[in-house]
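# Observations on chain architecture
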Amino acid sequence: ADEEAVLSLKPDLATLRALPARGVIVTSRSADKRFDFISRFFAPAVGVDEDPVTGSSHTVLVPYWAGRLGKTSFTAYQASARGGVLHLRLDGDRVKIAGRAVTVIKGEIVV
């Protein structure tokens, strides 16, 4: 219904884990004028109770909010414990994402 509902949500992770889906996105318009919308992403079925900041969820959120708000560029906030700001743009059938990133793993692929 609103930002407060998104922020105060305490999902039943066991129930979400049992759903036949990778995850669940919760979103609303932001009460903070710096952001167009906020979101949270829960994916306990794949081992992530709440993702800190998720690019993949925003590839769904941007077309959704573009349709609702009639625009193609957004600043969004993912309201997890760590949280993060994303700068987003709908570009045809693609979503361009910018923001600060955190390296969580490094590796080398040998072919």
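Summary of the structure given here. Small disclaimer: the values here were computed from a predicted structure and weren't measured.

### Notes on the nonpolar core
Grouped together as the largest cluster of nonpolar side chains are 10 residues: F37, L61, V62, W65, A66, F74, A76, L86, L88 and V95. In terms of residues, this core owes the most to one element, helix α3 (residues 55-69), which gives 4 residues. In contact with A66, not counting residues within four places along its chain, are K71, F74 and L90.

### Overview of a nonpolar patch on the surface
A grouping of V102, V104 and I105 is seen on the molecular surface, where their side chains present a nonpolar patch of about 360 Å² in accessible area. Here V102 shows up in the segment after β6 (94-98).

### Here's the deal with the pattern of salt bridges
Oppositely charged side chains can pair when the atoms bearing their charge come close. Tallying each qualifying case throughout the model produces 6 salt bridges. The residue D36 makes a salt bridge to K71 at a minimum N-O spacing of 2.7 Å. Separated by 35 residues along the polypeptide, D36 in the loop between β1 (24-29) and β2 (37-43) and K71 in the loop between α3 and β4 (73-78) bring together distant segments of the chain. Look at D36 and you get buried, because its relative accessible area is 13%. You can call K71 partly exposed: its relative accessible area is 32%. Salt bridges sharing partners connect three or more residues here, namely R89, D91 and K96.

Parameters and conventions
- Residues numbered from 1 in each chain as written.
- Predicted model: local features only at pLDDT ≥ 70, side-chain atom pairs only at ≥ 80, totals over all residues.
- Heavy atoms only, no water.
- Core = buried A, V, L, I, M, F, W, Y, C linked by side-chain atoms within 4.5 Å.
- Buried < 20%, exposed > 50% of the residue type's maximum accessible area, 1.4 Å probe, protein only.
- Helix = DSSP H or I, 4+ residues; strand = E, 2+ residues; numbered from the N terminus.
- Contact = heavy atoms within 4.5 Å.
- Patch = residues over 30% accessible without salt bridge, like charges linked within 9 Å, V, L, I, M, F, W, Y side chains within 5 Å.
- Areas by Shrake-Rupley, 256 points an atom, 1.4 Å probe, with all protein chains shown as cover.
- Salt bridge = Lys/Arg side-chain N within 4 Å of Asp/Glu carboxyl O.

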